[in-house]
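Working through the structure, step by step
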Amino acid sequence: MTSATLLTPARTPSRPRGDRPGPAARADERAYIRLLAVLDTAVLAVAILVGYVARFGDEEPSGSEIPYVVVAPGLLLAWLISLRALRCYDDRVLGYGADEYRRVSSASLRLAGGIAIAGYIADVGVSRGFLAISFAVGTVGLEVARFAARKRLHRARDRGAGWSRKVLVVGDTAHVLELVHTLRREPYAGYHVVGACIPDALLAPVPQRLGDVPVVGSFRGIPEAATAIGADTVAVTASGELTATRLRRLGWQLEGTGVDLVVAPALTDVAGPRIHTRPVAGLPLIHVEAPEFRGARKLVKGLVDRSLSFVALTLLLPVLVVIALAIKLDSRGPVLFRQVRVGQGGEEFGVFKFRTMVVNADALLAELAARNETDGLMFKMRDDPRVTRIGRLLRKWSLDELPQLVNVLFGQMSLVGPRPPLPSEVARYDGDVARRLLVKPGMTGLWQVSGRSDLSWEDGIRLDLYYVENWSLAADLTILWKTFGAVLNSRGAY
């Protein structure tokens, strides 16, 4: 969801799948796809069994002209075929992004619709309850299994293992370095840079490196360079020498080699739903929709925020009372801490938190300024002496932020959004950073699920701006789900 660079696949026609570079990487890829196939088969078998038991129990099914000993395997086989037909095992969507999940859901829903129509036309007496339960359990199970497999793959990629694409980056030196940095920022995406090709005029007779990336050739020998280093993907970034004609010829040269060609345009930090490709005069023009800051979707987001915050406050009331008592017994001072923050449109409001510091914490800040452990405009210190004993525990599990549910209920904040800034920070914003104020600040956000205080100022701002430009209700639900994992891991919480 947070890929900072748009990698646009440029498919080559009639490309054989065999004889591809990087045999070890391809073996890992095939092993991962086989794992998914086994998981899918097991999940669907369990779902069909659950549907049968839930519908019939110990009873003997009646009213069906086809015995369920045939219906069950037939449904399993049809489901697997549907997954294959919707390209749910395509290596271009596996392991990263939301398209894999969408395809799995689409394959299940289309099959369910097809069976419903076919059953009505043929008047086959298969239990609708059995089918409904099987499809409900199976669809959810498939998504959960894919998520678990993906997390396992991401952990392996973070360790430098697991299936990843071996990438040869092509372009000007500055753009190559930028793309390399972007891809390495998210190693779990599975793009491992193994070499670079630069313009002929910049190629030296001695071995060269861009950072720690070896230069393996010039624009004249890109296919040969990819073969030499075992790359299975060529990523083309900006360069004045890579004209449309030259790029088209590169696609022709890569036909039949098993090497994927992807193009990383200068346009960055734009999510897929805002991008539409339209061919005009043989050119694949990319149309980018403007960000949406108001309208019906914003009203729905506000309604969802307030409804969920009300439910959460009701359910968590006993927990809030226990935390309040613990704070009161631990140190002198009020239970709640109200701090002025800046919200949507630059409007100031008071954000509520459980107090985690001593009462004179602001007065002590000047003495600790030299020990700031972050860059940018924020002050963060891992072992801040102003934090109380119970405060460290609350911060570790982000429990100090629960009172912000009241701010969400009042419409001052959202459940998901950029981090709410201090007025002193906003006073030093430049034009780009000020775009964070176009939406309501959030209790959680991309910064929360990506490392919190461990993030640099630059990365935190980049994530906030990405959310501002590309927010969606589906993305909000994903971030809320990931927040639970971030809180449990306690990474970056201090």
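Residues numbered from 1 in each chain as written. Predicted model: local features only at pLDDT ≥ 70, side-chain atom pairs only at ≥ 80, totals over all residues. Heavy atoms only, no water.

1. Observations concerning the overall build of the protein chain
Under the convention used in this document: Strands are runs of DSSP state E lasting at least 2 residues, helices are runs of H or I lasting at least 4, and numbering of each runs from the N terminus. Each residue's exposure class comes from its accessible area (1.4 Å probe, protein chains only) as a fraction of the maximum for that residue type: buried when under 20%, exposed when over 50%, partly exposed otherwise. Throughout, a contact is declared for two residues whenever any of their heavy atoms are within 4.5 Å. Residue-level accessible areas treat just the shown protein chains as cover; the underlying method is Shrake-Rupley with a 1.4 Å probe.
In terms of regular secondary structure, the protein chain is built from 15 helices and 13 strands. Looking at the protein chain as a whole, 44% of its 494 residues qualify as buried. Expressed as a percentage of contacts within the protein chain between residues at least 6 apart in sequence, the contacts between residues at least 24 apart total 73%. Carbon and sulfur atoms provide 62% of the accessible area of the protein chain, an area that totals close to 25,600 Å².

2. Quick word on empty space enclosed by the protein
Inclusion rule: A cavity here means a set of 1 Å grid points, computed over protein atoms only, where a 1.4 Å probe fits but cannot escape. A pocket is an open set with protein on both sides within 12 Å along at least 5 of 7 lines, and lining residues have an atom within 4 Å of a point. Grid points are joined across faces, edges and corners, and a volume is the space filled by probe spheres set on the points. When residues are grouped by polarity, Ala, Val, Leu, Ile, Met, Phe, Trp, Tyr, Cys and Pro land in nonpolar, Asp, Glu, Lys and Arg in charged, and all others, Gly among them, in polar.
This structure, assessed with the given rule, holds 1 cavity of 30 Å³ or more. Considering only enclosed or pocket space, the largest cavity measures out at about 40 Å³ in volume. Taken together, the residues of the lining of the largest cavity sort by class into 6 nonpolar, 2 polar and 2 charged.

3. Section: the confidence of the model for the protein chain
Just so we agree on the cut-off: Residue-level confidence of the predictor is what pLDDT reports, using numbers from 0 through 100.
Averaged over every residue, the pLDDT of the protein chain is 83; residues scoring 70 or more account for 84%. Helix 11 (residues 404-409) holds the highest mean pLDDT among the elements of the protein chain, 96, whereas strand 1 (residues 8-9) holds the lowest, 44. The low-confidence segment residues 1-21, where pLDDT is below 50, has 71 contacts with residues more than four positions distant or belonging to other chains.

4. A word on unusual backbone geometry
A negative phi angle is the norm for most residues apart from glycine, just as the trans form is the norm for most peptide bonds. You will see that arginine 87, though not glycine, has its phi angle at about 55°, which is positive. When its relative accessible area of 43% is taken as the criterion, arginine 87 is described as partly exposed.

5. Overview of the nonpolar core
To be explicit about the condition: Residues belong to one nonpolar core when they are buried, are Ala, Val, Leu, Ile, Met, Phe, Trp, Tyr or Cys, and are joined through side-chain atoms within 4.5 Å.
Counting 28 residues, the largest nonpolar core has Tyr32, Leu75, Trp79, Leu83, Phe130 and Leu142 as the members making the most contacts within it. Contributing elements (two or more residues each) for this core: helix 1 (23-56), helix 2 (68-85), helix 3 (99-122) and helix 4 (128-158). If we ignore the near neighbours within four places in the chain, the residues touching leucine 142 are Asp40, Val43, Leu44, Trp79, Leu83, Val104 and Ser108.

6. Re the pairing of strand 5 (residues 213-218)
Rules: For two strands to be treated as a pair, DSSP must find no fewer than two bridges joining them.
The pairing of strand 3 (residues 191-198) with strand 5 spans 3 bridges and is parallel. The residue of strand 5 that forms the bridge with cysteine 197 is glycine 217. Sheet topology places strand 4 (residues 208-210) next to strand 5; 3 bridges connect them, and they run antiparallel. Looking at the pairing, leucine 210 lines up with valine 213 of strand 5.

7. What to know about helix 4
Side chains three or four residues apart in an α-helix point the same way, a direct result of the helix having 3.6 residues per turn. Where we set the bar: By this rule the span expected of a helix is its residue count minus one, scaled by 1.5 Å.
Taking 1.5 Å as the rise per residue, helix 4 with 31 residues should run 45 Å; its terminal C-alpha atoms sit 45 Å apart, in good agreement. Among the residues trailing helix 4, glycine 160 stands out with phi positive, at a value near 85°.

8. Some points on a nonpolar patch on the surface
Here is the rule: Here, patches come from residues exposed beyond 30% relative accessible area and free of salt bridges, joined within 9 Å for like charges and within 5 Å for nonpolar side chains (Val, Leu, Ile, Met, Phe, Trp, Tyr). For this document, the term salt bridge refers to a Lys or Arg side-chain nitrogen within 4 Å of an Asp or Glu carboxyl oxygen.
A cluster of nonpolar side chains, contributed by Val300, Val304, Leu308 and Leu473, occupies part of the molecular surface with about 270 Å² of accessible area. When residues in the nonpolar patch are grouped by element, the largest group, 3 residues, is from helix 8 (residues 296-330). Counting through the fold element by element, leucine 308 comes out in helix 8.

9. A few points about the environment of arginine 26
Tracing the backbone shows arginine 26 in helix 1. Residue arginine 26 is classed as buried on the basis of its relative accessible area, which comes to 4%. Sequence-wise, arginine 26 and lysine 166 are 140 residues apart; in three dimensions their C-alpha atoms are separated by 10.0 Å.

10. Quick notes on the packing of aromatic side chains
Inclusion rule: The pairing test for Phe, Tyr and Trp rings, Trp by its six-membered ring, is centres within 6.5 Å, and the orientation test on the planes gives stacked under 30 degrees, edge-to-face over 60, and tilted for anything in between.
Per the counting criterion, the structure on display carries 5 aromatic pairs. Judged by centre distance (5.7 Å) and plane angle (35°), the rings of tyrosine 32 and tryptophan 163 are tilted. With a gap of 131 residues between them, tyrosine 32 in helix 1 and tryptophan 163 in the loop between helix 4 and strand 2 (165-170) connect regions that are remote in the sequence. The class for tyrosine 32 is buried, based on a relative accessible area of 6%.

11. As for helix 15 (residues 473-489)
The terminal C-alpha atoms of helix 15, which comprises 17 residues, lie 25 Å apart, in line with the 24 Å expected from a rise of 1.5 Å per residue. Every buried residue of helix 15 is accounted for by Ala475, Asp476, Ile479, Thr483, Ala486 and Val487. Where helix 15 is buried, its residues meet helix 8, helix 10 (389-396), strand 12 (414-416), strand 13 (442-444), helix 13 (446-449) and helix 14 (457-470).

12. Some points on the pattern of salt bridges
The full count for this structure, using the stated rule, is 18 salt bridges. The salt bridge involving aspartate 99 is made with arginine 102; its shortest N-O contact spans 3.8 Å. Of this pair, aspartate 99 and arginine 102 both sit in helix 3, separated by 3 residues, roughly a single helical turn. Owing to a relative accessible area of 27%, aspartate 99 belongs among the partly exposed residues under this scheme. Taken together, the shared-partner salt bridges connect Asp90, Asp91, Arg92, Asp99, Arg102, Arg103 and Asp260 into one network.

13. Focus: the side chain of aspartate 464
Its location among the elements puts aspartate 464 in helix 14. Residues contacting aspartate 464, with those up to four places away along its chain left out, are Pro418, Arg419, Arg436 and Trp447.

14. So, the pairing of strand 10 (residues 336-342)
Judged from the 7 bridges that link them, strand 10 and strand 11 (residues 348-354) form a sheet pairing that is antiparallel. Bridge pairing in strand 11 places glutamine 339 opposite valine 351. What sits between the antiparallel neighbours strand 10 and strand 11 is a turn of 5 residues, in which glycine 345 has the positive phi angle 70°.

15. A few points about the environment of lysine 166
Relative to the elements of secondary structure, lysine 166 occurs in strand 2. Among the residues examined, lysine 166 registers a relative accessible area of 25% and is labelled partly exposed. The sequence separation of lysine 166 and valine 234 amounts to 68 residues, and the corresponding C-alpha distance is 8.6 Å.

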